[in-house]
Amino acid sequence: MNEMSFPATGRCQCGSTTYQLLGPPLATLVCHCTDCQKLSASSFSMTMVLAREHFELLSGELKSWQRPTASGGIAICWFCPECGNRIYHEDPDRPAFLKLKPGTLDDTSVISPIGHVWTCREQPWHKHFNDLPRAETQPDLAEALKALQEGRSPF
């Protein structure tokens, strides 16, 4: 893991929205709630809690939408209107903070989660996730399917 230095930069997938962080995060969490599962199209999402004063939008304009949270609050979700990439969330009851989606950082090797939340919603297969076979790059889909049909490892 690399040390985070400031300013740290980030961007959406299409690059039209860019930002910088001017100070360190307060915490980074792995969230297993069903909203985060939908957001990531996976089993969890990560959230980097920041002091709002440490976030600066450099380019682009963000759009927002609101949704109720499982804990009874409201989340205002900010995203790039060009590619739809979520940049951060905010809670109107806690305006001094925002929750950055750290996968949008230019250097994601600095992400250092301190714990998991909403584990009551964690997918049962997630506990064995790191035991699965791995491939260094994208395998050829036809070859991988053939290997699976033949009972071999696809990697």
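This section reports on the structure supplied with the text.

Overall, the coordinates contain six salt bridges when judged by the stated rule. A salt bridge links R67 to D35; the nearest nitrogen and oxygen atoms lie 2.9 Å apart. In this pair, R67 sits in strand β6 (residues 63-68) while D35 sits in helix α1 (residues 34-40), placing the two residues 32 residues apart along the sequence. Of the residues examined, D35 reaches a relative accessible area of 26% and is grouped as partly exposed. R52 is paired through a salt bridge with E90; the nearest N and O atoms lie 2.4 Å apart.

A few words on the packing of aromatic side chains. To describe a pair of aromatic rings, you give the distance between the ring centres and the angle between the ring planes. Counted under the stated rule, the structure contains four aromatic pairs. Taken together, a centroid distance of 6.1 Å and an interplanar angle of 25° make the contact between W78 and Y88 stacked. Pair noted here: W78 is in strand β7 (residues 74-79) and Y88 is in strand β8 (residues 86-90), with a separation of 10 residues, a long-range link. Residue Y88 is classed as buried on the basis of its relative accessible area, which comes to 8%. Three or more aromatic residues joined by ring pairs form one cluster here, namely Y19, F55, W78 and Y88.

On the surface, W125, F129 and L132 cluster together into a nonpolar patch covering about 310 Å² of accessible area. Looking at where F129 falls in the secondary structure, it is placed in the loop between β10 (115-117) and α2 (141-149).

Our focus in this paragraph is the nonpolar core. Ranked by size, the top nonpolar core spans 17 residues in total, and within it L21, F55, I87, L100 and L105 carry the most contacts. When contributions to this core are tallied by element, the ones reaching two or more residues are β2 (18-21), β4 (45-51), β8 and β9 (97-100). Leave out the neighbours within four places in its chain, and L21 touches M4, F6, P7, A8, M48, L50, H54, F55, L100 and L105.

This next bit is on the sheet that holds β7. Within a sheet, neighbouring strands are paired by backbone hydrogen bonds and run either parallel or antiparallel to one another. Here we have seven strands laid out as an open sheet, ordered β6-β7-β8-β9-β4-β3-β10, and mixed in their pairing. Two strands close off the open sheet at either side, each with one partner strand: β6 and β10. Each adjacent strand pair in this sheet contributes to an overall mean axis angle of 30°, direction not counted. Sheet topology note: the β6/β7 ladder contains six bridges and is antiparallel.

Residues T18 and Q20 of β2 are buried on one face, and the alternating residues Y19 and L21, pointing to the opposite face, are buried as well. Pairing between strand β1 (residues 8-11) and β2: four bridges, direction antiparallel. The residue of β2 that forms the bridge with A8 is L21. The turn joining β1 and β2, which pair antiparallel and follow one another in sequence, is formed by six residues; a positive phi near 90° is taken by G15. As paired elements, β2 and strand β5 (residues 55-59) share four bridges and run antiparallel to each other. Bridging from a neighbouring strand, T18 pairs with S59 of β5.

Conventions and cut-offs
Residues numbered from 1 in each chain as written. Predicted model: local features only at pLDDT ≥ 70, side-chain atom pairs only at ≥ 80, totals over all residues. Heavy atoms only, no water. Salt bridge = Lys/Arg side-chain N within 4 Å of Asp/Glu carboxyl O. Helix = DSSP H or I, 4+ residues; strand = E, 2+ residues; numbered from the N terminus. Buried < 20%, exposed > 50% of the residue type's maximum accessible area, 1.4 Å probe, protein only. Phe/Tyr/Trp six-rings, centres within 6.5 Å; stacked < 30°, edge-to-face > 60°. Patch = residues over 30% accessible without salt bridge, like charges linked within 9 Å, V, L, I, M, F, W, Y side chains within 5 Å. Areas by Shrake-Rupley, 256 points an atom, 1.4 Å probe, with all protein chains shown as cover. Core = buried A, V, L, I, M, F, W, Y, C linked by side-chain atoms within 4.5 Å. Contact = heavy atoms within 4.5 Å. Pairing = 2+ DSSP bridges. Axes fitted to C-alpha atoms, helices over the stretch in contact; angles between N-to-C directions.

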